[in-house]
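Each chain, letter by letter, is given below.
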Amino acid sequence: MPSLGVNIDHVATLRQARYRGLPDSPNAGPDPVEAALVAEEAGAEGITAHLREDRRHIQDRDIHRLRERIRTKLNLEMGLSPEILPLALQVRPADICLVPENRAEVTTEGGLDCAGRLEEIRQAVEVLQSNGSRVSLFIDPDEPQIQSAAKSGAVFVELHTGAYANATGPAQEMELLRLRHAVGHAKALGLRVNAGHGLDYRNTPPIAALEGVEELNIGHAIVARAVFAGLHAAVREMVGLARGPR
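Rules and cut-offs
- Residues numbered from 1 in each chain as written.
- Predicted model: local features only at pLDDT ≥ 70, side-chain atom pairs only at ≥ 80, totals over all residues.
- Heavy atoms only, no water.
- Helix = DSSP H or I, 4+ residues; strand = E, 2+ residues; numbered from the N terminus.
- Buried < 20%, exposed > 50% of the residue type's maximum accessible area, 1.4 Å probe, protein only.
- Contact = heavy atoms within 4.5 Å.
- Areas by Shrake-Rupley, 256 points an atom, 1.4 Å probe, with all protein chains shown as cover.
- Lys, Arg positive; Asp, Glu negative; His and termini not counted.
- Charge placed at Lys NZ, Arg CZ, Asp CG, Glu CD.
- Arc of directions from axis to C-beta.
- Axes fitted to C-alpha atoms, helices over the stretch in contact; angles between N-to-C directions.
- Parallel < 35°, antiparallel > 145°, perpendicular 65-115°, else oblique.
- Left-handed = near helix turned anticlockwise from the far one by under 90°.
- Nonpolar A, V, L, I, M, F, W, Y, C, P; charged D, E, K, R; others polar.
- Pairing = 2+ DSSP bridges.

Asks: Summarise the overall build of the protein chain; cite the residues concerned and give the values.
Replies: Regarding its fold elements, the protein chain presents 11 helices and eight strands. Each principal axis of the C-alpha distribution contributes one length, and for the protein chain these read about 50 × 40 × 35 Å. Within the span of the protein chain, comprising 246 residues, buried residues form 52% of the whole. Considering only contacts within the protein chain whose residues lie at least 6 apart along the sequence, 68% involve residues at least 24 apart. Total accessible area computed for the protein chain in this model is approximately 10900 Å², and 51% of it derives from carbon and sulfur atoms. The protein chain carries 27 positive and 33 negative side-chain charges, and their two centres are separated by 3 Å.

Asks: Provide a residue-level description of helix 6 (residues 143-152), including the pertinent values.
Replies: Within the span of helix 6, buried status applies to Gln145, Ile146, Ser148, Ala149 and Ser152. Along the axis of helix 6, the buried positions cluster into a sector of 165°, meaning they face one direction only. Contact partners of the buried residues in helix 6: helix 5 (118-130), strand 5 (134-139), strand 6 (156-160) and helix 8 (169-188). Positive backbone phi, at 95°, marks Gly153, one or two positions downstream of helix 6.

Asks: Please set out the packing of helix 10 (residues 220-229) against helix 11 (residues 231-243) residue by residue, giving values where relevant.
Replies: Close contact between helix 10 and helix 11 brings their axes to 7 Å; oriented N to C, the two are set at 130°. The orientation of helix 10 with respect to helix 11, classified from their angle, is oblique. Handedness of the crossing formed by helix 10 with helix 11: right-handed. Between helix 10 and helix 11, the contacting residues are Ile222, Arg225, Ala226 and Ala229 on the first element and Leu231, Ala233, Ala234, Val235, Glu237 and Met238 on the second. Of the residues that constitute the contact of helix 10 with helix 11, the class distribution is eight nonpolar, no polar and two charged.

Asks: Outline the sheet that holds strand 4 (residues 95-98), supporting the account with residue identities and numerical values.
Replies: Here eight strands make up a closed barrel; going around it, the order is 1-2-3-4-5-6-7-8 and the pairing parallel. Averaged over all adjacent pairs, the angle separating strand axes in this sheet is 25°, with direction ignored. As judged from the four bridges shared by strand 5 and strand 6, these two strands associate in the parallel manner. Residue pairing across strands places Phe138 opposite Glu158, the latter belonging to strand 6. Seen against the sheet, helix 3 (residues 60-69) touches strand 2 (46-50) and strand 3 (74-78) and runs at an angle of roughly 160° to strand 3. Along the sheet, helix 11 makes contact with strand 1 (3-7) and strand 8 (213-218), crossing strand 1 at roughly 145°.

Asks: Kindly report on the packing of helix 6 against helix 8, identifying the contributing residues and their values.
Replies: One way to put it is that helix 6 packs onto helix 8 with a least axis distance of 10 Å and a crossing angle of 25°. Accordingly, the angle class assigned to the pair helix 6 and helix 8 is roughly parallel. In terms of crossing hand, the pair formed by helix 6 and helix 8 is right-handed. Two secondary-structure elements touch here, helix 6 through Glu143, Ile146 and Gln147 and helix 8 through Ala182, His185 and Ala186. The residue makeup of the contact of helix 6 with helix 8, split by class, is three nonpolar, two polar and one charged.

Here it is in structure tokens:
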């Protein structure tokens, strides 16, 4: 059964919407670190946070505090940025997921181009893993990208499930089949496999049922459900969906 990593970026988004630049204010909105602790209490087995170059939600201070306070593991999402690399090396999170980053995008669009940036990625993987973090590459479920990821030295790939999440009917079934083949191909090359992006309370079970997927990383759907159900209940429900199919 895959474990659930809860992405707390959108809790920080709510804070930054009104209190940008004032994270230490006693009235500065929801604290993503406190949200992470609630998620752990509800059964999350990891906390994911994306430190973007433009610092639109998660801040450097959040990463340091998460590393100090959470009891499970921190999965730091980051672009191939020389600005963020020193912080990653200092914090030494358990996991680091390298993702593409475009400042104009609302959320991550597409996977990392491992095939086109293999040497750059290989060097980053070597530096980060020699510092004690396991590295995952966020990639589309395509054979050339999986093959390049295997050459990079990374331990994991995280398969981008966005095309599956955005599809409906027969098209979604085709995307699920594509993901199933990608998991098998990655495992055959010695890679461990996570998955995420766009997963919600309706489309998660088929992904959770894919043999070989170790972890699902989900954020927006959980935070959106939490507005009505509370964060503990929202995480607990998603934990059940992740663990249920097998």
